[in-house]
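A closer look at the structure
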Amino acid sequence: LTTFLKTMASVAIGVALGLLATWFAVERGYGFGAVNAGPWIAWPNAGSPEADPYARAVIARSAAIPLGLAEGLLFVARADSQDRELDPACDYRIRGRTPPARYWTLNAATPEGFLIPNAVGRYGFTSSEIVREDPEIVDIVAAREARAGNWLPIAGTRPFVLAFRLYDTIVRASARGVAADNMPSITRERCG
Amino acid sequence: MRFLDRLLGALPFIFGAIIIAGIVHILSILAMPRLAPRDAYARIAEAAPLARMTLLAPIEPGKEFAPFEDPATAAAACRYDLDRGPLRLRGPVSGEGLVALSFHGRFGDVFYSVTDRSAARNGLDILLVTADQLAAIEAYDSEDELPSELRLVAPEKLGFVILRALADQPGDMEAARARLQAIACGVEASAPG
C-alpha cells in the first residue's frame, strides 16, 4: 500500500510541477529565442513560421497578433536600464540611437499590452513626428505632466511597459545582433 | 546507512515525478493553442465576417482587438475559410505609406508577411490556396507565362489576414484607413474546369 501511495504522490507532484512550469513559461513570456538589447526584449521568432511551441503557447494565451518577420519587430521594456520596474509616478528619459528601420513607433501600455487612458488622449510617438536636436539621437520624456519637446504621457498607478516597434527593418535578419547601444536607454528621473 | 537506504528507496519515485512533470509540461505547452478560449482568431471572428475586408476599431484604450497593438496604426482583418475556395487579396499600394500584411493560421501563428515596399510594383495580388487548390490551378497555367499573382499555400483552411497601415503623423489616420480600404479580399471564383 505504501508503494501505491508513494506512486500516487509522485504522479500528483509530477503533474503539479509540470503545470507550474507551463504557467511560468506562458505567463512570464519566457521561452526560447528572446533577444535582449539593454532593457528591451524582442521575440523575433514569434512572427515566423519557425515559432517554437513556447512562442505559440504564449501567442495563443495572450491572443496577441505578432508582427510578421517582414513587417517589423516589437521590443518591450518592462524595466528601466537599471532594471527597476517602470513606475508611472516617475519620469523616464528614453534616449539614444535607434536601429535602422523605415519607421519606428513607441508607446506606453499595461504589462498585458493594453493602452492606458490619459487626459490628453496621446498614446505614442512615431519616428516622423519626433523633434530631434541631433538627427541620430532620439530623446523622449515619459511623464505624467506635460513637457516641452518629445513628451510621452503616462498615467495610472500600476507599473507600465514601453513598446517600441521597428517597421520594415533589416534588424529582423540579424536580431541577435541588436546591441544595447543601438537601442535607446531608459533612465529614471524625478519620482513623486 | 539507514538514511541512504531510504534515499535509494525514494529515488524511483523522485525520478518518476520528474519524468511525469516533464511530460505534463510538454503536453500542456503543445496543447495550449488548442485550449486557449479567446484566442486571436476568436476575437477577429467577432469583428470580421468571412472573406470581407473589415476595418477594425481604432486602437484606443479599451477598444484594442489584441494586446500590444500600435496606436499609430489603422488595422483591418480578412478572415478566411479555404473550404469556400481560394482567397484573393488585391489592391494598390503606393510604397509611400507603410502597409504591412501578416497571414495567420487558425492558432495565430504567422506563415507569411509582407509590406508595401516589398510587394510587386503594380500593387498587391495574393492568392491564398490549399495545396489541392494550388495543384488544380497550376494544371491550367500557361506554359510560358508566369502567374501574375503571388500564390501562397496556407497551412490550415481557417485563418486570418491582418493589415496594418501606419499613420506616421497624428493627422494621417484617415489616410491610413483609406489605404487599407483600397485593398479588397474575397473568395476567388472556382478554378476553371
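As a starting point, this report considers the structure included with it. (Residues numbered from 1 in each chain as written. Chains lettered and ligands numbered in written order. Predicted model: local features only at pLDDT ≥ 70, side-chain atom pairs only at ≥ 80, totals over all residues. Heavy atoms only, no water.)

Of regular secondary structure, chain A possesses two helices and 10 strands. Mapped in sequence order, the helices and strands of chain A form the string α-β-β-α-β-β-β-β-β-β-β-β. Here the C-alpha coordinates of chain A stretch approximately 75 × 40 × 25 Å along the principal axes. Across the 192 residues in chain A, those meeting the buried criterion constitute 49%. Sequence-distant contacts, at least 24 apart, represent 72% of the contacts inside chain A between residues at least 6 apart. Total accessible area on chain A is roughly 9,100 Å²; 58% of this is exposed by carbon and sulfur atoms. (Helix = DSSP H or I, 4+ residues; strand = E, 2+ residues; numbered from the N terminus. Buried < 20%, exposed > 50% of the residue type's maximum accessible area, 1.4 Å probe, protein only. Contact = heavy atoms within 4.5 Å. Areas by Shrake-Rupley, 256 points an atom, 1.4 Å probe, with all protein chains shown as cover.)

Okay, helix 2 (residues 40-47) of chain B next. Residue and element names in this part refer to chain B. Residues Ala 40, Tyr 41 and Ile 44 constitute the buried set of helix 2. All buried residues of helix 2 fall inside an arc of 95 degrees around its axis, so they share one side. Elements that come into contact with the buried residues of helix 2 comprise strand 2 (73-81) and strand 8 (158-166). (Arc of directions from axis to C-beta.)

What follows is about the state of the cysteines. Tallying each qualifying case throughout the model produces two disulfides over all chains. Put simply, Cys 90 of chain A and Cys 191 of chain A are joined by a disulfide, and their sulfur atoms are 2.0 Å apart. Across the S-S bond linking Cys 90 of chain A and Cys 191 of chain A, the dihedral sits near 100 degrees, which makes this disulfide right-handed. Taken as a pair, Cys 90 of chain A in strand 4 (residues 90-96) and Cys 191 of chain A in strand 10 (residues 185-191) lie far apart in primary sequence, 101 residues in all. Look at Cys 191 of chain A and you get partly exposed, because its relative accessible area is 38%. Two residues share a disulfide in this structure: Cys 78 of chain B and Cys 185 of chain B, whose sulfurs sit 1.8 Å from each other. Sign of the S-S torsion, about 60 degrees for the bond between Cys 78 of chain B and Cys 185 of chain B, identifies this disulfide as right-handed. Here Cys 78 of chain B is found in strand 2, whereas its partner Cys 185 of chain B is found in strand 9 (residues 184-187), with 107 residues between them in sequence. With respect to class, Cys 78 of chain B is no different from Cys 185 of chain B; both count as buried. (Disulfide = S-S within 2.5 Å.)

With that out of the way, let us pick up the pairing of strand 8 of chain B. All names here are of chain B. With eight of its nine residues buried, strand 8 lies for the most part within the structure. The pairing of strand 2 with strand 8 spans nine bridges and is antiparallel. If you follow Ala 77 over to strand 8, its bridge partner there is Ile 162. Here strand 4 (residues 99-105) pairs with strand 8 via seven bridges, running antiparallel. Paired with Ala 100 across the two strands is Arg 164, which belongs to strand 8. (Pairing = 2+ DSSP bridges.)

So, on to the sheet that holds strand 8 of chain B. Residues and elements named next belong to chain B. In space, the five strands of this open sheet follow the order 1-2-8-4-5, with antiparallel pairing throughout. Looking at strand neighbours, the two that pair on one side only are strand 1 (54-55) and strand 5 (110-115), the edges of this open sheet. Pairing of strand 4 with strand 5 involves five bridges; the strand directions are antiparallel. Note on strand 5: the bridge partner recorded for Phe 103 is Tyr 112.

The next thing to look at is the nonpolar core. A general feature of soluble globular proteins is that nonpolar side chains tend to end up buried together. Counting 29 residues, the largest nonpolar core has Trp 40, Trp 104, Leu 106 and Leu 162 of chain A as the members making the most contacts within it. Sorting the residues of this core by element identifies strand 2 (40-42), strand 3 (72-77), strand 4, strand 5 (101-109), strand 7 (138-143) and strand 9 (161-169) of chain A as the ones contributing at least two each. If sequence neighbours within four positions are ignored, Trp 40 of chain A has contacts with Val 35, Phe 75, Val 76, Ala 77, Ile 94, Leu 106, Leu 162, Phe 164, Met 183, Pro 184 and Ile 186 of chain A. Within the second largest apolar cluster, 28 residues are counted, among which are Leu 82, Leu 128, Val 161 and Ala 167 of chain B. (Core = buried A, V, L, I, M, F, W, Y, C linked by side-chain atoms within 4.5 Å.)

So far we have only geometry, and geometry alone does not tell us how the molecule works.
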